[in-house]
Amino acid sequence: MKSKFSFLYIYLTDRCNLGCIHCWQSAPLEGTGKYSSLKFDECKEFLDDAVAMGLENITFSGGEPLLNPEFHRFVEYFYKNSIRMTVETNGMLIGNKNILDTIRKYRVYCAVSLDGVNPETHNKHRGNNKAFDRTLESLYKLEQEKIGFQLIMAISKFNYHELVSLLDMVNEKFKTCNAFKINIVNTLGRAGEMEKDGLLFKAEELPALSEEVAALIGRYPIISLHVDPAFVDFKNFRLKFSCGGYCGYNSGLSILANGNVSICSLGKQMDKYLFGHISSIDLKDVWENNPFLEENHDNIHSRLKGICSNCIFRKQCLGGCRAEALCAYGDFFAPAPRCQAYYDSGNFPKSKLIDPALSSHYPG
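Criteria and thresholds
Per chain, residues are indexed from 1 in the order of the written sequence. Where totals are concerned, whole chains, interfaces and linings use all residues; where local detail is concerned, this predicted model gives features only for residues with pLDDT of at least 70, and gives and counts side-chain atom pairs only at 80 or more. Computation of side-chain values covers all heavy atoms of the structure but excludes hydrogens and water. Strands are treated as partners if at least two bridges between them are detected by DSSP. We count a stretch as a helix when DSSP gives it H or I for four or more residues in a row; a strand needs E for two or more, and each element gets its number in order from the N terminus. Note on geometry: axes are lines fitted to C-alpha atoms, helical ones only across the stretch in contact, with angles between N-to-C directions running from 0 to 180 degrees. Stacked, tilted and edge-to-face are the three classes applied to pairs of Phe, Tyr and Trp rings, where Trp contributes its six-membered ring and a pair requires centres within 6.5 Å; stacked means planes under 30 degrees apart, edge-to-face means over 60, and tilted covers the rest. Between buried and exposed lies partly exposed: a residue is buried under 20% and exposed over 50% of the maximum accessible area for its type, with that area taken using a 1.4 Å probe on protein chains only. In our convention, an over-ring charge means Lys NZ or Arg CZ found within 6 Å of a ring centre and within 35 degrees of that ring's normal. The patches described consist of residues with a relative accessible area above 30% and no salt bridge, like charges being joined within 9 Å and nonpolar side chains (Val, Leu, Ile, Met, Phe, Trp, Tyr) within 5 Å. For every accessible area listed, the method is Shrake-Rupley and the probe measures 1.4 Å; residues are considered covered only by the protein chains on display. Note on definitions: salt bridges are taken to be side-chain nitrogens of Lys or Arg within 4 Å of carboxyl oxygens of Asp or Glu. Asp and Glu count as negative and Lys and Arg as positive, but His and the ends of the chain are not part of the count. Each charge is placed at NZ for Lys, CZ for Arg, CG for Asp and CD for Glu.

A. Quick peek at the sheet that holds strand S1 (residues 7-11). Read across the open sheet, the ten strands follow the order S7-S6-S5-S4-S3-S2-S1-S8-S9-S10; overall the sheet is mixed. At either end of the open sheet lies a strand with only one pairing partner, and these are strand S7 (223-226) and strand S10 (274-277). On average, adjacent strands in this sheet sit at an angle of 20° to one another, irrespective of strand direction. Inspection of the sheet shows strand S5 (residues 149-155) paired to strand S6 (residues 177-184) by seven bridges, in the parallel sense.

B. Seen up close, the packing of aromatic side chains. Taken as a whole and judged by the stated rule, the model has 25 aromatic pairs. Centroid distance Tyr9 to Tyr11: 5.3 Å. Interplanar angle 35°. Geometry classified as tilted. With a centroid separation of 4.9 Å and an interplanar angle of 85°, the aromatic rings of Phe292 and Phe332 are classed as edge-to-face. Of this pair, Phe292 sits in helix H10 (residues 291-297) while Phe332 is found in the loop between helix H12 (322-329) and helix H13 (337-344), placing the two residues 40 residues apart along the sequence. Neither residue differs from the other here; Phe292 and Phe332 are each classed as buried. One aromatic cluster is present, formed by Phe40, Phe60, Phe71, Phe74, Tyr77 and Phe78 through successive ring pairs. One Lys or Arg, Lys352, reaches over the ring of Phe234 and ends 5.3 Å from the middle of that ring.

C. A negative patch on the surface, seen in detail. On the surface, a cluster of negative charge is made up of Glu45, Asp49, Asp282 and Asp285. Looking at the secondary structure, you find Asp282 in the loop between S10 and helix H9 (283-289). For Asp282, a relative accessible area of 47% puts it in the partly exposed group.

Below you can see the structure in the form of C-alpha cells.
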C-alpha cells in the first residue's frame, strides 16, 4: 500500500550562527565556508503541488532556519494554506522583533534547543559564549507573548547531569513551555569527535537512561525521550514518554537548502538519494513512481536487516533513523546501529525478538 504524502522537511539554509560540537550536519558557521539558502519564488510551484497532494505538516530546519531572510514569505504561504508549521531553532534570533512578530502572527510552533542549565555548559555545547543568554532572552519573549513552545535538550555524558536542574528551571520560569524533548546525541557529523572523547552514551547504557527518564514523568509530565523502543522497559510504555525511533521518513520528503529534493538530509552526502530540483521536479510522479521510494513505501519493515528484521517493534519504528544506518553500514535497510550494538553485546531482551532462536547479526 502506498504511503500517503503529508510532510515536508525544509532546510531553509545550510549556514548557522553557532558551531555546536554535536551538530550532525556539520553546518558551516555564518561567514565561513560555502552554504546555500532557499528562495521562496523558486519553491512556490513545488509547494503548490505539495499542498495539492495533501501536505499537512512542515518543519523548518537548517543550519539555523531563521537566518534565511525569506523566512516570513514561507511562513505566510503555509499559514494561508492551513499547514501546521514547526521551526527547529537554536533560539538566538527569536528575540528579533520582526521574527517574533512573524512567529506570533502566523502561529509557528518553535522547537528551541537548550543544552544546559548553566551558561558554561550550554555555551560550550553550542560553540558561542553568548548563546545561553541570547537563547534565554528569546524564551522570555515567547513567555511574555504567551506563545507555546518546545525545548529540546541534546544529551550526552557532557551535560546529562544537568537535566533535572534544567527541568526545574523550566518549571519555574517558562509556563508556556508545553513540551521538553530529550534527544540522545548520535555519532554523525561533528559528534564523531565527542564519540572519540568518550562523551556519547553506549547502547548498553540506554536502558538505564530510559528508566531514569521514566522515573521523572510524575514531576515533569512534559518530557519525552527520543530513543528506540527496544531500550524502553515494557512497564514504562504506559507512561507514553518515548517518542523514538521512527522519524516519519516514509510519509514525506525534504527540500535541501540548495533546492534539491531528497528523502532527508542524506541527499547532502549521497546523490543517489536526490530526486531532482524543485525548479524541475514533478512531485506527484516522483512520489508515485520513483523506484527507491516505491521500495521505501511498500512494507519497509520487511526489508530491514540485522536486529531490525527480528524486532517486535519493526513495524512501529521502521528501523529508526535511516541516516544513521546508512552512514554506519552503507545500506539504507541496515539495522539501527545502536540496536545492533545492543544485540551484539548479548543484552537485547529475548522478549523483544520475534524469533529468539533466529540469529540477528549484521551482516548475517
